[in-house]
Structures are given as structure tokens and as C-alpha cells.
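Descriptive analysis of the structure
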Amino acid sequence: MLPPGSTIGILGGGQLGRMMAVAALQLGYRVVGFAPEGDNVAADACSGFITAEWDDAAALGQFAAACDVVTWEFENVPVSTVAALPEPLLACPVRALEVAQDRLREKAFAAELGGVPAPYRAVESAEDLAAAIAAVGTPGILKTARDGYDGKGQWRVRSVVEAGTAVFPGVTCIYEGFVTYETEFSVILVRGADGEVRFWDSTANLHEGGMLAQSILPAGALVEAQVPAARELAARVAEALGYVGVLTLEFFATREGPVFNEMAPRVHNSGHWTIEGAATSQFENHIRAICELPLGGTKTRFASIEMRNIVGEDALKAHMILAEPGEPHLHLYGKAEAREGRKMGHVTRVGHALK
Ligand code: AMP
């Protein structure tokens, strides 16, 4: 167990790190962040923040020397950066990052453990792309295998006609069949260093333009019926990775059952509702897990919950939300520029309390 006053290192400087740091501070820890130049809004909540490139060995050495344990808030931290840190500092094996950074690898990994992904093919060339479209069919989505997030690095192929105009983008991709689903949902779990696993309730997730817009509880009968199988897969993934902390798996709820989409080896946007809506938030339980503290309860506290992202310029008038009825909970991430399509904050609204 990491004693209070110890220092948690967070790789990445975004809003997830910021909310993790707030939870860490509450539990009496200090936080030092590390990320390249950028709008590192986590720094506001850190007692130290090192701004350096991921491959800056001297800066990483300084970071490691300041930390008692290290975690990440961003799944695209280079594996080489994490591997360069002294192994005893890592709360969670780096393998979780290796698998989750590559869409091909994460789909194969989940499939080996019994998960069902959309039909897919690896695409390394223009010929592969044509063959993949022929094999999987249309409509489909071409995605870069690495470095994509929030719908970036994705191209829809709607029809056979469009398939003829699809261009190989020059990096390894995955072409996957378009899944017809009723709802998207996520399974968020926390796994302690002793192997104990706890799940939060699964929200129905609505996306706009490939980016999460809204998470809702209750998620509806179809999702609820598919959660047990989805949880089983998530627990198997966590176990196989020797995972410690919060892990997220995203699914499509289809008439044929849950289709695995992707995993995030970290706290997740679709779990922001847990700050007010669950006995213990995803952020706090992540900190508890990596510090080997007892995990907190994950029970939902309200009959209904809605989390909505605040994107782009909507953030400029977000404080108006506080005047609305129903005690909305506003979170703003302190980002300097309200650029279009950028997650600036979120608001959580809850219904009546559950006994
Ligand atoms: P991803 O980055 O893979 O999470 O994709 C972002 C969003 O695009 C998903 O949450 C879905 O809304 C949509 N999407 C991605 N892949 C598929 C698919 N194979 N079929 C249908 N919708 C998809």
C-alpha cells in the first residue's frame, strides 16, 4: 500500500489526468505529470509537471526519480517511454498499452478470449484494401490501426461504388464491416493488484461524428441483457493482461449479441458519470487500485443519469448550465482554446436517489 504523501506519476496531460489527479489529491497523494508541449490541463492539478518529448531520456529519468508509482491517462503514450521507466514503478504491465494501441492486435486479443469483433481484415497496401472490401463487403470503415481516436483516422466506405474510390492512406489499417447496432455501450471495470474486479453499470453511449456525445443510465433492456457476456470478456481481458486499474471495453449491442469494438487501458469518457453517480468514481478507484488501497463500491446512486460532453465553443456559455433546474454537475477542463470538435468539459444530470 502506497502511504499518503507518496507521489503518483501520470503520463499524459489531458482531462483524464486532471480528474485522476483531483482524486489522488483527495486521497492525500502528490501528483507529477509528464507530457509533451500542449494544452496540458492536468498540470493545474499537479504539484509538478514535466513538459518534454516522450523520448527525452533525461526528463524521463527526472520524472521517474520523483515518482513512487506511475500510471497513464492516454493510451498512445509510446510503449518505449513506459518501458524506459524502472519496472517496479509501473502499476500495470506495459503489455496493456501494446495491445490497446493497435486495433488489429486488440481485436485478435479479444477474439482469442471469446469476444466477437466486427468482421475485419488487415490492410497494408492498396491491393489489400481492395481485397478486404471484397471479403468483408460494404458498408465498412477503414481505420488506421494506430493513433486514431474520437473518429479521427477513419473513413466510411458506404457502397460498392464508393469502394472504387477508397484510397489506401499509406499506413497499416484495418477494414471492418459496418455493424448494425441498436446501442453502443461500454464495460468499465477496476481490477486491484490482488486480482479483485469490480464493474460499474454500463451506460448506453451515443456518438456524434465518431466521438462520444452522451452516456445514459439506465441503458435499456438490450444492453442490460448483453452486459453479463460483455463483462465476462472484459474480466478475461483484464486477467490475461495482469491489468491493474480501470479498464474500458466498448461494444455494439446488436440483435445477435455484443460485438466488441475496442478497449481503452484507462479511465474513460463514458465513465465520467461515476464522479457523482456511483459510490466511488472511476478516477478514485483507479488511484486506489494503483496505490493498492481497498477498492471502493461501484454501485449506481441514482435511478437515472445522463452525462453529456461539452464540445468546442459550447464551453464558452457552459456556466449557464448551472442556472438550469435539476442540479446539473458541471465539469470544465480548463482548456485554453475552444476549438471545434474538442472536448472542453461535461455535465452530469441525475434523477432521484436510489435507496
Ligand atoms: P472507434 O474509434 O473504433 O471507437 O470508432 C468511433 C465510433 O465510430 C464508434 O463509437 C461508432 O459509433 C462508430 N464505429 C466505429 N466502428 C464501427 C463499425 N464497425 N460499425 C459501426 N459503427 C462503427
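Everything numeric in this text was worked out from a predicted model, so none of it was measured. (Residues numbered from 1 in each chain as written. Predicted model: local features only at pLDDT ≥ 70, side-chain atom pairs only at ≥ 80, totals over all residues. Heavy atoms only, no water.)

The next subject is unusual backbone geometry. For the peptide bond that leads from T138 to P139, omega is -5°, which places it in the cis range. Within the secondary structure layout, P139 lies in the loop between α6 (126–136) and β6 (140–144). The amide bond that connects L217 to the next residue, P218, takes the cis arrangement and shows omega of -5°. With respect to the secondary-structure elements, P218 resides in the loop between β12 (211–217) and α8 (221–241). Even without being a glycine, E292 presents a positive backbone phi close to 55°. In the Ramachandran plot, E327 falls in the positive-phi region, its phi being about 50° despite a non-glycine side chain. (Helix = DSSP H or I, 4+ residues; strand = E, 2+ residues; numbered from the N terminus.)

Moving on, we come to the sheet that holds strand β2 (residues 30–35). Taken in spatial order, the four strands of this open sheet run β3-β2-β1-β4, and their pairing is parallel. Looking along the sheet, the strands with just one partner apiece sit at the ends: β3 (48–51) and β4 (69–72). Ignoring which end each strand starts from, the neighbouring axes of this sheet average 20° apart. Pairing of β2 with β3 involves four bridges; the strand directions are parallel. In the sheet register, F34 faces β3, and the bridge partner there is I50. In the packing of helix α1 (residues 15–26) onto the sheet, the strands contacted are β1 (7–11), β2 and β4, and the crossing angle to β1 comes to about 170°. (Pairing = 2+ DSSP bridges. Axes fitted to C-alpha atoms, helices over the stretch in contact; angles between N-to-C directions. Contact = heavy atoms within 4.5 Å.)

As a further point, take helix α2 (residues 57–66). Buried residues of α2: A59, L60, F63 and A64, and no others. Along the axis of α2, the buried residues cluster in a sector spanning 140°; they form a single face. Exposed positions of α2 whose direction lies more than 90 degrees from the buried face are A58, Q62 and A65. Those residues of α2 hidden inside the fold are in contact with β1, β2, β3, β4 and α3 (79–83). Residue D56 occupies the N-cap position of α2, its side-chain oxygen lying 3.2 Å from the main-chain nitrogen of A58. (Buried < 20%, exposed > 50% of the residue type's maximum accessible area, 1.4 Å probe, protein only. Arc of directions from axis to C-beta. Polar contact = N/O pair within 3.5 Å; in protein donor to acceptor, adjacent residues only side chain to side chain.)

If you check the shell around the ligand, you find 15 residues, and the closest are K143, Q154, V179, E184 and E262. In the model, a nitrogen atom of the ligand is placed 3.0 Å from a nitrogen or oxygen of the G177 main chain. Isolated, the ligand exposes 480 Å² of accessible area, and the fraction of that covered by the protein chains is 97%. Among the elements of the structure, β6, β8 (173–177) and β14 (257–264) are those that each provide at least two residues to the shell around the ligand. (Near = heavy atom within 4 Å. Areas by Shrake-Rupley, 256 points an atom, 1.4 Å probe, with all protein chains shown as cover.)

All right, on to the domain arrangement of the protein chain then. According to the domain assignment, the protein chain consists of domain 1 (7–90), domain 2 (119–177) and domain 3 (183–350). Using only C-alpha atoms to locate each centre, domain 1 and domain 3 end up separated by 22 Å. On the side of domain 3, 22 residues touch domain 1, which itself brings 19 residues to the contact. Both faces combined, the contact of domain 1 with domain 3 buries some 1,800 Å², and carbon together with sulfur accounts for 68% of it. On the domain 1 side of the contact with domain 3, Q15, L16 and M19 bury the most area, a combined 28% of that side's loss. Between domain 1 and domain 3 we count two salt bridges in total. The salt bridge involving E75 is made with R266; its shortest N-O contact spans 2.6 Å. Scanning the region where domain 1 abuts domain 3 turns up seven residue pairs in polar contact (both at pLDDT 80 or more). Mapped by element, the contributors of at least two residues to the side of domain 1 that touches domain 3 are α1 and β4. Residue contributions to the side of domain 1 that touches domain 3 peak at eight residues, all from α1. Looking at side-chain class alone, the side of domain 1 that touches domain 3 contains 12 nonpolar, three polar and four charged residues. (Domains from an automatic or database assignment. Buried area = accessible area lost by both parts, 1.4 Å probe. Salt bridge = Lys/Arg side-chain N within 4 Å of Asp/Glu carboxyl O. Nonpolar A, V, L, I, M, F, W, Y, C, P; charged D, E, K, R; others polar.)

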